Every structure is written in structure tokens, then in C-alpha cells.
Amino acid sequence: FLKPVSRSDMLDYMKVLSWISMDLQTMLKKVKARQYKSKHEFKDHLDLMWSNCFVYTSTEVPSPPCPQH
């Protein structure tokens, strides 16, 4: 979740997560470009990333735990 997911690296990622992908690199680019219109929008993307982490890693056994907030 540091960089955008590469389909070649994670072939099943889009099958498990059919919604929008989010990662820290994309979020940082948006911050630097001042594309977030509010703190709420930033938080929504952060929450989306955590949610994706929980959903995706719950399909793998075993997997390292995602941070909880």
C-alpha cells in the first residue's frame, strides 16, 4: 500500500477489491499538488486504503496484520 498496485504483481487484487484502489504514493502526490479540497477528503482516502488493506489481507493466510486506527 506504499505504491499503486501493479496488476502483474498482484493478479488477484482487482478480483478481491472491485472498488477504487488507494495508496500512500498517490495520496502524497495529491497533497503536494494541493488536490485535496478538505481534510475530510484526505481522511476518506486514508480510510479507503485501510479498508482495502483489511479486505485484501483477510483473503490471504497467513498475512501480516494491517495497522488499526
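Each remark here, short or long, concerns the structure printed above.
Before going into details, it helps to say that this report is about the structure given with it. (Residues numbered from 1 in each chain as written. Predicted model: local features only at pLDDT ≥ 70, side-chain atom pairs only at ≥ 80, totals over all residues. Heavy atoms only, no water.)

**Some thoughts on the nonpolar core**
Point 1. With five residues, the main nonpolar core is built from M22, M27, Y36, L48 and M49.
Point 2. When near neighbours in sequence (up to four residues on either side) are disregarded, Y36 contacts M27, K30, V31, E41, F42 and H45. (Core = buried A, V, L, I, M, F, W, Y, C linked by side-chain atoms within 4.5 Å. Buried < 20%, exposed > 50% of the residue type's maximum accessible area, 1.4 Å probe, protein only. Contact = heavy atoms within 4.5 Å.)

**Re unusual backbone geometry**
Apart from glycine, the bulk of residues carry a negative phi angle, and the bulk of peptide bonds sit in the trans form.
Point 1. Positive phi, close to 55 degrees, is recorded for R34, a residue that is not glycine.
Point 2. Among the structural elements, R34 can be located in the loop between α2 (24-32) and α3 (39-57).
Point 3. Given a relative accessible area of 75%, R34 falls into the exposed group. (Helix = DSSP H or I, 4+ residues; strand = E, 2+ residues; numbered from the N terminus.)

**Structural notes on a nonpolar patch on the surface**
Point 1. Residues L28, V31 and F42 make up a contiguous nonpolar surface patch of roughly 240 Å² in combined accessible area.
Point 2. You can see V31 is positioned in helix α2.
Point 3. When its relative accessible area of 41% is taken as the criterion, V31 is described as partly exposed. (Patch = residues over 30% accessible without salt bridge, like charges linked within 9 Å, V, L, I, M, F, W, Y side chains within 5 Å. Areas by Shrake-Rupley, 256 points an atom, 1.4 Å probe, with all protein chains shown as cover. Salt bridge = Lys/Arg side-chain N within 4 Å of Asp/Glu carboxyl O.)

**Comments concerning α3**
In an α-helix, one full turn covers 3.6 residues, which means residues spaced three or four apart are oriented alike.
Point 1. Between its terminal C-alpha atoms α3 stretches 27 Å, which fits the 27 Å expected from 19 residues at 1.5 Å a residue.
Point 2. Taken as a whole, α3 has its buried residues at H45, L48, M49, N52, C53, Y56 and T57. What you see down the axis of α3 is that its buried residues fit within an arc of 140 degrees, all on one side. Seen from the buried face of α3, the exposed residues on the opposite side, beyond 90 degrees, are K39 and H40. (Expected span 1.5 Å × (residues − 1). Arc of directions from axis to C-beta.)

**Quick word on α2**
Point 1. Structurally, the start of α2 carries an N-cap: the backbone nitrogen of Q25 is 3.1 Å from a side-chain oxygen of D23.
Point 2. Looking one or two residues beyond α2, the residue adopting positive phi is R34, at roughly 55 degrees. (Polar contact = N/O pair within 3.5 Å; in protein donor to acceptor, adjacent residues only side chain to side chain.)

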